[in-house]
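Remarks on the overall topology
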2 protein chains.
Amino acid sequence: MSASASRPTTVTPPPSDRTKVRRLPERGRYDRATIDAILDSALIGHVGYVIDGQPFVTPTSVWRQGDRLYWHGSSASRMLRATMDDVPVCVTVTLLDALVLARSGFDHSIDYRCVMVLGTARAVDDPDEQLESLRIFMERLYPGRWDLLRPVTRQELKATTVLWTTISEASAKLRVDGPHDEPGDETWPAWGGLIPVETRLGVPEGDGFVPDGMPTPLVSARIFPA
Amino acid sequence: MSASASRPTTVTPPPSDRTKVRRLPERGRYDRATIDAILDSALIGHVGYVIDGQPFVTPTSVWRQGDRLYWHGSSASRMLRATMDDVPVCVTVTLLDALVLARSGFDHSIDYRCVMVLGTARAVDDPDEQLESLRIFMERLYPGRWDLLRPVTRQELKATTVLWTTISEASAKLRVDGPHDEPGDETWPAWGGLIPVETRLGVPEGDGFVPDGMPTPLVSARIFPA
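Residues numbered from 1 in each chain as written. Chains lettered and ligands numbered in written order. Predicted model: local features only at pLDDT ≥ 70, side-chain atom pairs only at ≥ 80, totals over all residues.

A word on the overall build of chain A. A tally of helices and strands in chain A yields four helices and 10 strands. Mapped from its N terminus to its C terminus, chain A presents α and β elements in the order β-α-β-β-β-α-β-β-α-α-β-β-β-β. Across its three principal directions, the C-alpha atoms of chain A cover 65 × 50 × 35 Å. The buried share of chain A, taken over its 226 residues, is 38%. The contacts of chain A with a sequence gap of at least 6 include a subset with a gap of at least 24, amounting to 74%. (Helix = DSSP H or I, 4+ residues; strand = E, 2+ residues; numbered from the N terminus. Buried ≥ 20, exposed ≤ 12 C-beta atoms within 10 Å, placed from the backbone. Contact = placed C-beta atoms within 7 Å.)

What follows is the structure, encoded as structure tokens:
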């Protein structure tokens, strides 16, 4: 797939100067369809936040609900406590697609799709809304699983913080070009091309309490293609 | 593998208060053997930096050389220009190992290994040192490839910036526990266990200039296990 083939005919401008892709601007996209497609294919995001001038980057599960990007964790987590009070955050989601090999070191690259969301983080205060968010998170990764589980207790809900930021100041950056060489390099006697990178599920390993014949859970094919 | 089984007998203390793992401290490790093993198995890191109080998180290839963690990019990159002047950075590397399913939503989890390196970034000034770093980066991912490539030009070297930070203020956090339920939940009629997550290479696709019979390049089995 070439970059131009997947570019929308109407180009959405960057929502802010600070989300504008500077380096190789032709790789930047600002339309929500592109941004949402990347967010919806990812399990892990990296949340950036600042404490006393020092940036921290913490990996965590993320999920989208409409115009919001969510993450969660223990109410005792430093990352969650540092990000829940309307402080600036950056949540970046990265999907690795292929290794790209050329005849020069300079033209080696990686095909990837990533989204950077800038915003301020807010905690979900309402317990019903919090429970619904956790349900959506679970159903997104394991379709049909929520109703099979032992219901969430009030204490578990209290021990969990759900955060979100709006997906308004966001950009996507894609390298989907495949290999290319500097003019004249193509005939240099080295291999050129791409090697796909695939994130896949292995064989499920039930614990000692799975009844005979119980099927293994469904996992989102969007996040983990079969 | 249980967390306790892989914990070293001599526990290395955190190098600083800000790298100390607070939430579930038994998952924190500070010994260089653990930290290096995670860094050496990763291709991508997420670099956190601050511009005008706003955190940014940019994905990029990282590699270790001794006590230093390196990354690189175009000399025109905003990320590189923002991080090269001794400003505070955080580089986080995350390896996803397994989905962990339990009988309650609360005990669902993910097995992962991650490293967070806090430091200040510095650019490599010396061209010979820069070239050697790029060689190490290439050989790490594609063993034996560097000498087969069209040599790097002075102009390409100038267009590339190589940055590093020392691996002195760093922590690893590992969840390698597998599944567990709250006491009494084990017999709830839902599947519990783990589903491994594997990042693998697909079938290499040569471009139109690969001579007949040329073998595909070797890729690091440490980073992409066969």
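Resuming the write-up.
Let us look at the relation of the copies chain B and chain A. Once chain B is rotated about the relating axis by 180° and shifted along it by 0.0 Å, it coincides with chain A to within an RMSD of 0.0 Å. In short, the pair behaves as if placed about a two-fold rotation axis. No C-alpha of chain B lies nearer the rotation axis than that of threonine 199 of chain B, which sits 2.2 Å from it. Both copies contact each other with a shared surface, as 100% of the interface residues of chain B are interface residues in chain A too. (Least-squares fit on C-alpha atoms with pLDDT ≥ 70 in both.)

Taken together, the contacts link 73 residues of chain B with 73 residues of chain A. The element best represented in the side of chain B that touches chain A is strand S9 (residues 193-201) of chain B, accounting for nine residues. Residue classes in the side of chain B that touches chain A are distributed as 42 nonpolar, 18 polar and 13 charged. Both strand S9 (residues 193-201) of chain A and strand S10 (residues 205-206) of chain B contribute to a ladder of two bridges, which runs antiparallel. (Nonpolar A, V, L, I, M, F, W, Y, C, P; charged D, E, K, R; others polar. Pairing = 2+ DSSP bridges.)

Right, let's get into helix H1 (residues 32-39) of chain A. For an α-helix the count is 3.6 residues per turn, leaving residues at separations of three or four pointing the same way. All names here are of chain A. The set of residues buried in H1 consists of Thr34, Ile35, Ile38 and Leu39. Along the long axis of H1, the arc covered by the buried residues comes to 130°, so they all point the same way. Of the surrounding elements, those touching the buried residues of H1 are strand S1 (28-29), strand S3 (54-65), strand S4 (68-74), strand S5 (85-101), strand S6 (109-123) and strand S8 (169-175). (Arc of directions from axis to C-beta.)

A few words on the pairing of strand S3 (residues 54-65) of chain B. All names here are of chain B. Along S3, nine of the 12 residues are buried, which leaves the element largely enclosed by surrounding structure. Counting the residues between successive antiparallel strands, the hairpin from strand S2 (residues 44-51) to S3 contains two residues, one of them, aspartate 52, with a positive phi of roughly 50°. Sheet topology note: the S3/strand S4 (residues 68-74) ladder contains four bridges and is antiparallel. Bridge assignment links arginine 64 to a residue of S4, and that residue is leucine 69. The loop that links S3 with its antiparallel partner S4 comprises two residues; one of these, glycine 66, has a positive phi angle of about 60°.

Not every positive phi belongs to a glycine, and aspartate 52 of chain A is a case in point at roughly 55°. The class of aspartate 52 of chain A is exposed, set by 6 C-beta atoms lying within 10 Å.

Residues and elements named next belong to chain A. Position of glutamine 130 relative to the elements: it lies in helix H3 (residues 127-141). Judged by C-beta crowding, with 19 C-beta atoms within 10 Å, glutamine 130 ranks as partly exposed. Glutamine 130 sits 30 residues away from valine 100 along the chain, and the two C-alpha atoms are 42 Å apart. Discounting residues that sit within four places of it in the chain, glutamine 130 has contacts with Val124, Leu157 and Val162.

To continue, consider the environment of proline 196 of chain A. Residue position: proline 196 of chain A is located in strand S9. The partly exposed category is assigned to proline 196 of chain A, around which 15 C-beta atoms lie within 10 Å. With 122 residues separating them along the chain, proline 196 of chain A and serine 74 of chain A place their C-alpha atoms 36 Å apart. In this structure proline 196 of chain A touches Asp97 and Ala98 of chain A together with Leu201 and Gly202 of chain B, once residues within four positions along its chain are discounted.

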